[in-house]
Amino acid sequence: MKMKKITALAGALGICTMQLTGCGGAGAQDDRQKETVQEAEGVAKEDLPLSRYPETVTVHLGGKMNPNAKLSEGKSFENNTYIDLLKEELNIDVQYDWVASMADYDEKMSLCIGSNTIPELMNVTAAQYRALLKYDLIQPLDAYFDDYASDALKSYVDSGGEELMKCITDEEGRIMAIPAPNLTAGGINEMWIRQDWLDALDMEAPRTWEELKAVAEAFETKDPDGNGEDDTIGILGPGNADHMNAVGGNQFGLDPLFGCFQSYPQYWLEGDGGKIVYGSIQPETKTALERIANLYEEGLIDPEMLVRSDSKEPLLAGKAGIFFGPWWCAYTFADTILSGSADWRAYFTPLSEDGSFYTHMAEPTTQYVVASNECKNPEAAFKIINFLIANEQKWVEEGVSSTEMGTADFYPLYNTYDNADEIETSYEILTKYLAGETTMEEVDFSTHKLLKNDMEAVTQLKKEPYDDFSLENWNLDSELAKGNLPRLVAIMVGDAPLVNETYVPVYNAYNGQTDTMEAKWANLKKLEEETFAKIIMGKADISEFDAFTEKWLSQGGEQILEEINQELGR
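Positions within a chain are numbered from 1, following the residues in the order the chain's sequence is written. For a predicted model such as this one, the threshold for reporting local features is a pLDDT of at least 70, and the threshold for listing and counting side-chain atom pairs is 80 or more; totals across whole chains, interfaces and linings nevertheless cover every residue. No hydrogens and no water enter the side-chain calculation; it runs on all heavy atoms of the structure.

### Focus on the pattern of salt bridges
- By definition here, a salt bridge exists when the distance from a side-chain nitrogen of Lys or Arg to a carboxyl oxygen of Asp or Glu is within 4 Å. Taken as a whole and judged by the stated rule, the model has 19 salt bridges.
- Arg174 serves as the salt-bridge partner of Asp170, at 2.8 Å between the closest nitrogen and oxygen.
- Residue Lys319 is joined to Asp231 by a salt bridge in which the shortest nitrogen-to-oxygen separation is 2.7 Å. Of this pair, Lys319 sits in the loop between helix H12 (312-316) and strand E9 (320-325) while Asp231 sits in the loop between helix H9 (209-221) and strand E6 (233-235); the two residues are 88 residues apart in sequence, bridging distant segments of the chain.
- Residue exposure (1.4 Å probe, protein chains only): buried if accessible area is under 20% of the type maximum, exposed if over 50%, otherwise partly exposed. Residue Asp231 is classed as partly exposed on the basis of its relative accessible area of 21%.
- One salt-bridge network, in which partners are shared between bridges, spans Glu162, Glu163 and Lys166. Note on conventions: DSSP H or I runs of at least 4 residues are helices, E runs of at least 2 residues are strands, and numbering of each starts at the N terminus.

Encoded structure:
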């Protein structure tokens, strides 16, 4: 099946779907925009993103409270330092219509959507965002974006490219939400491999399926750790709490083994005729399952896959030679880095027969800020976000944001804002910095929160040669290593393939939840996971895949596909 490049959106969350009537039309929105322009009269356009309202503007939100967060004395979730600062600096009065715990927030917001009692400004999930669009409950924000989004916020949104814009625009091309981009690198699973084991066996890093098979066999049978015992694992698999496949980053999953055959389980894909199809029931997935099952049968994949409670245990014990996961996995095996006991590398492996690395991608964003049709000052959402972006790092340095008053727990409409390509940019700048091709004075840190600290740390932790990131070329004895080395290895080793190699991205084509999905998706997902596990672990023949496909379609899958294609106009 030929795949087209398609957009990825966030995973679905069950929400109420009772029929609603949208409030406020285009005319009302135009009037509100005129009121806002008049209100801002006399303020230079470049100052609008952080200009103080001449009269107090009150906005109503729903609150997400961390019950474990510590509060300064005399403060509360509804009355804290950040709310005070917004009132003092921008003349924005934040009022919470309701406050729910972090565990209950999504359910509360979904109930509000179902009953048409939503706050004026709100953080929502992708599924909630799609429901709000469907029922015409939120207003366009494109009329405010150019004037009220700060340069930094625009930079973050621009970094997400076309795929992010698809997430936040409606069928008419209007911007309907303010997104917080996800890191592109976070959804790409790559092969992590023990370079010290390769060196011990005088082998090269595998790139193809057959090379991967040969190295995994050697790791299983040739005592790569030199302890004289038969106790090593070729390819480590997911534990019983992990997943064989997932949408986006999936530590210990086998996603790249499926991607080698252009198989993308759990992804909605655009087929040849433009219709949406489900990746888990495609012929490519059957092929991938059969080939992966052969690896398992030959003892090259962890025999305790999906049985062991935690795959980190053999990893940290130095018993695994290969596993799959995103760039940030260096944090997972940090102890082996700091102890100098394991030297890991990352590659886009295995390549397909055509030499390409096919990879599914994560959602461009999972965090949306929207404004209801009843909101009279939707531009206030931009100001609140701009204020956070402009001051968050300063608040940390000045002690305003401390363990007792963190922005993530108490700042209104809080999301994490960063460049989608931040990790790739960090890799490139750090590489140039080590090579003497740039200086800290030449780098603009305004939209790179951690880059300055990374540049300062790499100077103290990296030994020559500066272009060789073997474990022996890091200063493991430095006091700085414990806090900074795992991140630097994650960037300089884990992100190296994303900068230096090429890949073919495949995005999820649908992010919503149909009526049938709400009722039957949990059972369909369980059926899929159990069938795939049985096939790979030899408890069922590959012919079971055909029976699974028939069951999946007859038990709700066919109806779901019809509903998705109807919703998307396919």
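Having put the structure on the table, let's press on.
### Observations concerning the side chain of Ser372
- Within the fold, Ser372 resides in the loop between strand E12 (365-371) and helix H15 (379-398).
- Other than its neighbours up to four places away in sequence, Ser372 contacts Ile118, Pro119, Glu120, Met122, Leu137, Ile138 and Gln139. Throughout, a contact is declared for two residues whenever any of their heavy atoms are within 4.5 Å.

### Here's the deal with the sheet that holds E9
- Between any two strands, at least two bridges found by DSSP are needed for them to pair. The sheet built from 4 strands is open, its strands ordered E6-E9-E5-E10 with mixed pairing. In the strand order of this sheet, the two ends are held by E6 and strand E10 (344-347), each with one partner. With direction set aside, neighbouring strand axes in the sheet form an average angle of 25 degrees.
- When strand E5 (residues 190-194) meets E10, the two strands line up antiparallel, connected through 4 bridges. Paired with Arg194 across the strands is Trp344, a residue of E10.
- Lines fitted to C-alpha atoms define the axes here, with helix axes fitted over just the stretch in contact, and angles between the N-to-C directions of these axes take values from 0 to 180 degrees. Sheet contacts for H9: E5, E6 and E9; angle to E6, the most-contacted strand, approximately 165 degrees.
- Here helix H19 (residues 481-494) sits on the sheet and contacts E5 and E10; the angle it forms with E10, its principal contact strand, is near 40 degrees.

### What to know about the confidence of the model for the chain
- Per-residue confidence from the predictor is given as pLDDT, running between 0 and 100. With 92% of its residues at a pLDDT of at least 70, the chain reaches an overall mean of 91.
- Ignoring residues within four places in sequence, the model shows residues 1-30, a span with pLDDT below 50, making 102 contacts including any to other chains.

### Brief notes about the packing of H9 against helix H11 (residues 283-297)
- Two elements in contact, H9 and H11, have axes separated by 11 Å at closest approach and are oriented at 20 degrees. Considered as vectors, H9 and H11 are oriented roughly parallel to each other. For the pair H9 and H11, the sense of crossing is right-handed. Only Arg291, Ile292 and Leu295 of H11 make contact with H9, whose side of the interface consists of Trp209, Glu210 and Lys213.
- A class-by-class count of the residues in the contact of H9 with H11 yields 3 nonpolar, no polar and 3 charged. Comment on the angle field: the value is read as roughly parallel under 35 degrees, roughly antiparallel over 145, roughly perpendicular from 65 to 115, and oblique elsewhere. By definition, turning the near helix anticlockwise from the far helix through less than a right angle yields a left-handed crossing, and turning it clockwise yields a right-handed one. Asp, Glu, Lys and Arg are counted as charged, while Ala, Val, Leu, Ile, Met, Phe, Trp, Tyr, Cys and Pro are counted as nonpolar; the rest, among them Gly, fall into the polar class.

### Remarks on helix H2 (residues 81-90)
- By the burial criterion, the buried members of H2 are Tyr82, Ile83, Leu85, Leu86 and Leu90. Buried residues of H2, viewed axially, fall in a sector of 160 degrees; they line one side.
- For H2, the secondary structure elements touched by its buried residues are strand E2 (92-101), H15 and helix H16 (407-410).
- The N-cap of H2, judged by a side-chain oxygen 3.0 Å from the amide nitrogen of Tyr82 a few residues on, is Asn80.
- In the segment just after H2, Asn91 is the residue with positive phi, at about 60 degrees. Here the arc refers to the set of directions running from the helix axis out to each C-beta atom. Residues adjacent in sequence count toward polar contacts only when both atoms are side-chain atoms; beyond that, a polar contact is any pair of N or O atoms within 3.5 Å, and within protein one must be able to donate a hydrogen and the other to accept it.

### Notes on a negative patch on the surface
- Residues enter patches when their relative accessible area tops 30% and they take part in no salt bridge; the joining distance is 9 Å for like charges and 5 Å for the nonpolar side chains Val, Leu, Ile, Met, Phe, Trp and Tyr. All accessible areas in this document rest on Shrake-Rupley with a 1.4 Å probe, and a residue is counted as covered only by the protein chains that are shown. Neither His nor the chain termini are counted; the positive set is Lys and Arg, and the negative set is Asp and Glu. Every charge is mapped to an atom, namely NZ of Lys, CZ of Arg, CG of Asp or CD of Glu. There is a patch of like negative charges on the surface, built from Asp199, Asp202, Glu204 and Glu472.
- Inspection of the secondary structure puts Glu204 in the loop between helix H8 (195-200) and H9.
- Judged by its relative accessible area of 68%, Glu204 is exposed.

### Some words on the environment of Asp477
- Its location among the elements puts Asp477 in the loop between helix H18 (451-461) and H19.
- The exposed category is assigned to Asp477, whose relative accessible area is 74%.
- For the pair Asp477 and Leu338, spaced 139 residues apart in sequence, the C-alpha separation works out to 8.4 Å.

### Thoughts on the environment of Leu524
- Relative to the elements of secondary structure, Leu524 occurs in helix H21 (residues 515-536).
- Along the backbone, Leu524 and Ile281 are 243 residues apart, and their C-alpha atoms lie at a distance of 12 Å.
- Among all residues touching Leu524, those that are not within four sequence positions of it are Trp552, Gln555, Gly556, Gly557 and Ile560.

### Focus: the pairing of E2
- Sheet topology note: the strand E1 (residues 57-65)/E2 ladder contains 9 bridges and is parallel. Counterpart to Lys64 in the pairing with E2 is Ala100.
- Seen with the strands pointing away from the viewer, any crossover whose path from the first strand over the helix to the second strand runs clockwise is right-handed. Chirality of the crossover, the property in question, places the unit of E1, H2 and E2 among those that are right-handed.

### Quick word on the packing of aromatic side chains
- Between rings of Phe, Tyr and Trp, where Trp is taken as its six-membered ring, a pair exists when centres lie within 6.5 Å; planes separated by under 30 degrees are stacked, by over 60 edge-to-face, and by other angles tilted. By the definition in use, this model includes 28 aromatic pairs.
- Geometrically, the ring pair formed by Phe532 and Phe548 is edge-to-face, given 5.6 Å between the ring centres and 70 degrees between the ring planes. Of the two residues, Phe532 sits in helix H21 while Phe548 sits in helix H22 (residues 544-567), which places them 16 residues apart along the sequence.
- According to the relative accessible area criterion, Phe548 is buried, its value standing at 1%.
- Pairing Phe545 with Phe548 gives two aromatic rings, centres 6.0 Å apart and planes at 55 degrees, and the pair type is tilted. Of this pair, Phe545 and Phe548 both sit in helix H22, separated by 3 residues, roughly a single helical turn.
- Pairwise contacts between aromatic rings join Trp192, Phe252, Phe323, Phe333 and Trp344 into one cluster.
- It is Arg194 that lies over the ring of Trp344; its NZ or CZ is 5.9 Å from the centre.
- By the criterion adopted, a ring carries a charge over it if an Arg CZ or a Lys NZ lies within 6 Å of its centre and within 35 degrees of its normal. When the ring centre of Trp474 is taken as origin, the NZ or CZ atom of Lys462, which lies over that ring, is 5.7 Å away.

### Here we look at helix H6 (residues 151-159)
- All of the buried residues in H6 are Ala152, Leu153, Tyr156 and Val157. Taken around the axis of H6, the buried residues stretch over an arc of 135 degrees, which confines them to a single face. In this structure, H6 carries Asp151 and Asp158 as exposed residues pointing more than 90 degrees from its buried face.
- On its buried face, H6 is in contact with helix H5 (142-148), helix H7 (161-168), strand E4 (178-181) and H15.
- Note on H6: the residue one or two positions beyond its end, Gly161, has a positive phi of about 65 degrees.

### Here we look at unusual backbone geometry
- Cis peptide bonds are those with omega within 30 degrees of zero, and the linkage from Thr349 to Pro350 qualifies with 5 degrees.
- Summarising the element assignment, Pro350 is placed in the loop between E10 and strand E11 (358-360).
- Note that the residue after Glu464, namely Pro465, is joined by a cis bond; omega there is -5 degrees.
- Relative to the helices and strands, Pro465 resides in the loop between H18 and H19.
- A positive phi is found at Phe252, a non-glycine position, where the angle reads about 75 degrees.

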